[in-house]
Amino acid sequence: MTDRNARVDDAVLRELLDGRWARVRQHARDMVRGDRFAPVTGLSMADHRERVMDQLTAIAETEVPGYGFPSACGGADDVGASVVAFEMLVCDLSLMVKVGVQWGLFGGAIHALGTERHHTEYLPQVISLELPGCFAMTETGHGSDVQRLRTTATYDADTEEFVIHTPDEAARKDYIGNAARDGRMAVVFAQLVTQGENHGVHALLVPIRYASGSPRPGVRIEDCGPKAGLNGVDNGRLWFDQVRVPRTALLDRYGAVARDGTYTSPIDNPNRRFFTMLGTLVRGRISVAGGSGTATKAALSIALRYADTRCQFERSGTGEEVVLLDYLAHQRRLLPALARTFALHFAQEELVSALHDSQTGRVPLDERGQRELESRAAGLKAVATWHATRTIQTCREACGGAGYLAENRLPQLKADTDVFTTFEGDNTVLLQLVAKGLLTDYREAFGDLDPLPMARLVAKQFLGAVIERTAARSVIERLVSAAPGRGEEADLYDRGWQLALLEDREKHIIEGLARRLRRAGAEDTDAFEVFNSAQDHVLAAGRAHVDRVVLEAFVAAIDRCPEGGTRVLLDRLCDLYVLSIVDEDRAWFLEHERLSASRAKAVTQAVNTLCQGLRPHAVDLVEGFGLLDEWLAAPIALGAETARQETQRRAVGMEDALRR
C-alpha cells in the first residue's frame, strides 16, 4: 500500500519535521559538536558529573539559556525555543536533564512563580550559570501528592523571616537534581504557615551551599549515589533544620505575606490557587515528552540503519544471506514504532506551540484553556515516555548482542530514559488526570453525574463538544464528515474513517466511565472507592484521548506537507500509526462491535502490507529527524557492519582464489 515511485525528499521532510523552531534545531546541530559533547562510555560517576558540568558551562556561553526568559532579564522571550533546544541534547541525556534542571525547573520556577523583583535579582545569574540551582519539590514520603508535602515554611513576624524546616524523614527533599554537587540555591516547595494558619504549598528561594561548596548552616545535603542511568546528574537529598530566609524569599506571584504576617492572594480558593501554581510549571512535562521522543528517534536511527545492513540466514537457493529489515517480523518490530514516533513528534510540536503562544501572550488562555493545555501535556508525557521505554528496548533486542554493547548507545539510552516514566509526574497518575479533566468538563456542564434516563442523551450532546478537534480543525471536520460508515465496505485506509473510529472509541469509553461513576455515586458509595474501582476504565479513557489527539496532529502535519513523494509516504506512515493502534486494541473493537472478526484480520494484514511497503524508505524516513552521526556515536549505525561484511567477502574471495 505504498506508491512504488514515491521517494523521500530530504529537504521537504526536514523542513516539516524541524517545524516552527527550525533555526533552534539547526543551531543545536551546529553548536553541540566535537569532543566536548561526544558521547563517552565507561566514565565514573564523578567524572561523568564533571564532564556534564563542563558541557553545561559551554552552553551557558551561548544564547540557548536565555531562550525561555524575559528580554528584560537578558532572555529572548521564546519559550518554545527553550523546549526545542532541550529536546536536541541527545548526545548525553544527563546533559539534557541538567539543562532542564538549571534553566527549565529552577529558572522556570523563579520566572513563573516570582514577581519582577525576583526576576531582576536572580534570572540574569540563572541564565549565565553564575547561580546554579535546584528544584526541591519531591519528598521521600510524597512524590506525586505534592499538595501534602510536609516541609514547612513558618513566618516569624518579629524577624520578618521564614523558617524552613524538615519535620521528619518523610519530609526530606529527595532525588533533587543539582543538589549533591553543584547547586547553590533551591526553589523549595513547603507548606506556608503564618499567623498560625496553613495556606498550602508555596515556593521559596533557599540558599543551600556557599560558592566554596560547603553546605549553609542548617542545611544537610546527601548524595543519592549511583543510579541506573543519568549518572552525570548530581541528584541529592536535602534536609532543613530551622533555616531562616528573608520574607522576600517567598516567590509571591500567587500568595504574599506582609511584614506583619498577613497573607493575601489573588486566588481565594486554596485548591484553585495550588493547581494554578502547578499549572505554570507545565513546561517541565512538555520538555520530558520531547526529550524522550528524541531518545526514541536516536534508538530507531541506530536499529534501522543496522537492520538495513546486517544479514542473517541464507535466502534459499541464492547463496546470499537475508538483510534483517527484509523480514516481516523485523519490520513489525520497528516500523509501527517509527510511525508512532512521527505521530508523537507532530503532537509534541503542536503542544510546544500552544505553550509558547499562551506564555508569551500571543494566544492568552482562559481557565478552561489552561486546564486543557495541562491535560494535554500530562497525557502526551505519559504516552511518549512509555513509548520511549518500549521502543528503546525493542531496538536493543532488534540489534541482538551488538545492541547490548555500551559502545552502541542503546543500553545507555535505555537506562537514561527509564526514569522519564516517573519523573515530572508518574505516568499512571498523569493519565488519570487526563480522564478526570474530561469528566470535570462533563460535571461542569450538567452540575452532577445524575443517574436519570435523559442524562444519556444530554451526555451524547455534550461529549460531541468535549471531543474537540485539536489541529487543522476544518481539514479533520471535512475528512470525518466524508467518512464511510462503520460497515465492512469502509476502506481501512480512508482517513476520515480512521479519525471517526478513534473518536468513537474515545466517546464510548468516556461516556461509559461517566455512567459507571454515576451508578456508583447514586449508591452513596465512598468517593475513593468509586474512583478506585473504575481505574482501569479511567486509564483507558486517558489513553484513548491521547491516541486520538496524536492522530489529529499527524493529519494536520500531512496537510502542511507539499504534494509529492514525501507526502505520499507520510500518508502511509500515518495509516500504519492508526491501524497499528487498532490492531493492538482489537479486543476492544471486537467486544464493542466496531470491527467484525474478518475486519480485524484485515487490519492485521493491512499493518503487514504497510510495513512491507514502507521498508525501502525506513532509513530515509528516520534520517529526516536530523540527528547527527556524532550524536548517535554507535559503530553499528555508522558503517561498522558494512565494513565487517566487506572484509569478510574479501577474505572469502582470497580463500576461493587460493583453492583454485
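See the structure above.
These remarks concern the structure in this document. Predicted model, so just to flag it, every value in this text is computed and none were measured.

Notes on the pattern of salt bridges
As a working rule, side chains carrying opposite charge can pair if their charged atoms are close by.
Then, in step 1: A full pass over the atoms with the stated rule returns 52 salt bridges.
Then, in step 2: In this structure, Glu-50 and Arg-181 form a salt bridge, with 2.9 Å as the shortest nitrogen-oxygen distance. Placement of the pair is Glu-50 in helix 3 (residues 45–60) and Arg-181 in the loop between strand 4 (173–176) and strand 5 (185–194), with a sequence separation of 131 residues.
Then, in step 3: Judged by relative accessible area, which is 47%, Glu-50 ranks as partly exposed.
Then, in step 4: Note that Glu-511 is salt-bridged to Arg-515, the shortest N-O span being 3.2 Å. Here Glu-511 pairs with Arg-515, and both are found in helix 15 (residues 495–522), just four residues apart, close to one helical turn.
Then, in step 5: The network of salt bridges with common partners includes Glu-169, Arg-172, Asp-174, Arg-220, Glu-222 and Arg-237.

Considering the sheet that holds strand 7 (residues 219–223)
Then, in step 1: Sheet architecture is open: three strands sit in the order 4-8-7, paired in antiparallel fashion. Edge strands, defined here as strands with exactly one partner in the open sheet, are strand 4 and strand 7. For this sheet, the mean angle separating the axes of adjacent strands, direction not counted, is 25°.
Then, in step 2: Judged from the two bridges that link them, strand 4 and strand 8 (residues 236–240) form a sheet pairing that is antiparallel. Across the sheet, the residue bridging to Ile-176 is Gly-236, located in strand 8.

Structural notes on the nonpolar core
Then, in step 1: Phe-189, Phe-342, Leu-413 and Phe-554 are the most contacted members of the largest nonpolar core, which totals 178 residues.
Then, in step 2: Excluding residues that lie within four positions of it along the chain, Phe-342 makes contacts with Leu-13, Leu-17, Phe-554, Leu-570, Leu-573, Leu-621 and Phe-625.
Then, in step 3: Grouped together as the second largest cluster of nonpolar side chains are 24 residues, Leu-192, Leu-204, Leu-250 and Tyr-263 included.

Here's the deal with the pairing of strand 3 (residues 161–165)
Then, in step 1: Examined bridge by bridge, strand 2 (residues 152–156) and strand 3 share five bridges and lie antiparallel to one another. From the neighbouring strand, Thr-152 faces strand 3, where its bridge partner is His-165.
Then, in step 2: Joining the antiparallel neighbours strand 2 and strand 3 is a turn of four residues, in which Glu-160 adopts a positive phi near 55°.

Brief notes about the packing of helix 9 (residues 328–359) against helix 10 (residues 367–398)
Then, in step 1: As a packed pair, helix 9 and helix 10 sit with axes 10 Å apart at the nearest point and diverge in direction by 155°. As judged from the angle between their axes, helix 9 and helix 10 are roughly antiparallel. Regarding helix 9 and helix 10, the two cross each other, and that crossing is left-handed.
Then, in step 2: Split by residue class, the contact of helix 9 with helix 10 holds 14 nonpolar, seven polar and five charged.

So, helix 8 (residues 283–307)
Then, in step 1: Taking 1.5 Å per residue as the helical rise, helix 8 with its 25 residues ought to reach 36 Å, and the 36 Å between its terminal C-alpha atoms agrees with that figure.
Then, in step 2: Counted residue by residue, helix 8 has 24 buried out of 25 residues, so it is predominantly covered.

What to know about the pairing of strand 2
Then, in step 1: Bridge count for strand 2 against strand 5 is three bridges, and the pairing is parallel. Counterpart to Thr-152 in the pairing with strand 5 is Gln-191.

Comments concerning the packing of aromatic side chains
Then, in step 1: In the structure shown here, the tally under the stated rule is eight aromatic pairs.
Then, in step 2: Summarising the aromatic geometry, the rings of Phe-274 and Phe-275 are spaced 5.0 Å apart at their centres and angled 75° between planes, so their arrangement reads as edge-to-face.
Then, in step 3: Assessed through its relative accessible area of 7%, Phe-274 is described here as buried.
Then, in step 4: By the ring-pair criterion, three or more aromatic residues cluster together here, those being Phe-342, Phe-346, Phe-554 and Phe-625.
Then, in step 5: The lysine or arginine in question, Arg-220, covers the ring of Trp-239, its NZ or CZ lying 3.7 Å from the ring centre.
Then, in step 6: Cation over ring: Arg-599 sits above Trp-497, and NZ or CZ is 5.0 Å from the ring centre.

What counts as what
Within any chain, residue numbers begin from 1 and follow the written order of that chain's sequence. Only residues with pLDDT of 70 or above have their local features reported here, since the model is predicted, and side-chain atom pairs are shown and tallied only from 80 upward, although totals for entire chains, interfaces and linings are computed over all residues. Water and hydrogen atoms play no part in the side-chain values, which are based on all heavy atoms of the structure. Salt bridges are defined by distance alone: a side-chain nitrogen of Lys or Arg within 4 Å of a carboxyl oxygen of Asp or Glu. Strands are runs of DSSP state E lasting at least 2 residues, helices are runs of H or I lasting at least 4, and numbering of each runs from the N terminus. Accessibility here uses a 1.4 Å probe with only protein chains present; expressed as a share of the type maximum, an area under 20% marks a residue as buried, one over 50% as exposed, and anything in between as partly exposed. A pair of strands is treated as paired once DSSP finds two or more bridges between them. Helix axes are fitted to C-alpha atoms over the stretch in contact, other axes to C-alpha atoms as well, and angles between N-to-C directions run from 0 to 180 degrees. Note on terminology: a nonpolar core comprises buried Ala, Val, Leu, Ile, Met, Phe, Trp, Tyr and Cys residues joined through side-chain atoms within 4.5 Å. Residues are treated as being in contact if the distance between any of their heavy atoms lies within 4.5 Å. Small angles under 35 degrees read as roughly parallel and large ones over 145 as roughly antiparallel, with 65 to 115 read as roughly perpendicular and the rest as oblique. Crossing handedness follows the turn of the near helix against the far one: under a right angle anticlockwise gives a left-handed crossing, and clockwise gives a right-handed one. Polarity classes work like this: nonpolar for Ala, Val, Leu, Ile, Met, Phe, Trp, Tyr, Cys and Pro, charged for Asp, Glu, Lys and Arg, and polar for all others, with Gly in that last group. Each helix should span, by expectation, one fewer than its residue count multiplied by 1.5 Å. Ring geometry is summarised as follows: Phe, Tyr and Trp rings, the Trp one being its six-membered ring, pair when their centres sit within 6.5 Å, and such pairs are stacked at plane angles under 30 degrees, edge-to-face over 60 and tilted between the two. Criterion for a charge above a ring: Lys NZ or Arg CZ within 6 Å of the ring centre, and within 35 degrees of the ring normal.

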